[in-house]
Amino acid sequence: MMEVQVNFDKRAAKARILAGANDALAVLGTQVLSDMNRHVPKDQGALRNSGISNSSRTAVNLEYILRWDEPYAQYLFHGEVMYGNPTERTYGPAKLKFPEALARMEWKKYAAKVYGKDWKRVYQAELRRRLREG
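Residues numbered from 1 in each chain as written. Predicted model: local features only at pLDDT ≥ 70, side-chain atom pairs only at ≥ 80, totals over all residues. Heavy atoms only, no water.

Focus: the packing of aromatic side chains
Under the convention used in this document: In summary, the pairing rule links any two rings of Phe, Tyr or Trp, Trp by its six-membered ring, whose centres are within 6.5 Å, and it sorts them by plane angle into stacked for under 30 degrees, edge-to-face for over 60 and tilted for everything else. Only DSSP runs of H or I reaching four residues or more are called helices, and only runs of E reaching two or more are called strands; each is numbered from the N terminus. In this analysis the charged atom, NZ for Lys or CZ for Arg, is taken to sit over a ring once it is within 6 Å of the ring centre and within 35 degrees of the ring normal.
Using the criterion set out here, one finds three aromatic pairs in the structure. Consider the rings of W68 and W107, whose centres lie 5.7 Å apart with planes at 75°: the pair is edge-to-face. Of the two residues, W68 sits in strand β2 (residues 66-68) while W107 sits in helix α4 (residues 107-133), which places them 39 residues apart along the sequence. Across the ring face of Y110, the terminal group of R104 is positioned such that the distance to the ring centre comes to 4.5 Å.

Next up, the structure:
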């Protein structure tokens, strides 16, 4: 029988794993934004171009935020026709019809169904690469 003792700095290991995971998440976030934007209704292009991620394109504490910053993004996301004016409005029940073949309401959910497995592979590969680089 042989005894082996291994010592390592747990805090440093945890920090390295968290940093690698944040870096991998930032790479994934850029890919997710690109994939989702394919399915955002175009109209005049403002909504599709308003999709933004963290301003520094980095993840912090395993969080990476994506959002579309146009005032009408929410109603387009839900695919509901808006009635009224900007101060008094209601939505639905009529649904919008998008002329672009790839445009979808709830583009986030649609893109997750279509690209979700690819996103998982992108994240895992990037995390492995980051942890190897150390």
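Points about the nonpolar core
Selection rule: By nonpolar core is meant a set of buried Ala, Val, Leu, Ile, Met, Phe, Trp, Tyr and Cys residues that side-chain atoms within 4.5 Å join together. Only protein chains enter the accessibility calculation, which uses a 1.4 Å probe. A residue is then buried if its area is under 20% of the maximum for its type, exposed if over 50%, and partly exposed in between. By the convention used here, residues are in contact when the closest approach between their heavy atoms is within 4.5 Å.
Grouped together as the largest cluster of nonpolar side chains are 20 residues, with contacts concentrated most on M36, L47, W68, L76, W107 and W119. Counting only elements with at least two residues in this core, the list comes to α1 (10-37), α3 (73-78) and α4. With six residues, α1 is the largest single contributor of residues to this core. Other than its neighbours up to four places away in sequence, M36 contacts L66, W68, W107, K108, A111 and W119.

A closer look at unusual backbone geometry
The omega torsion of the bond from G92 to P93 falls at 5°, within 30 degrees of zero and hence cis. Within the element layout of this structure, P93 appears in strand β4 (residues 89-95). Phi at N61 takes a positive value of approximately 50°, unusual for a residue other than glycine. When you line up the elements, N61 lands in the loop between β1 (51-53) and β2. Non-glycine residue L62 carries a positive phi angle of around 60°.

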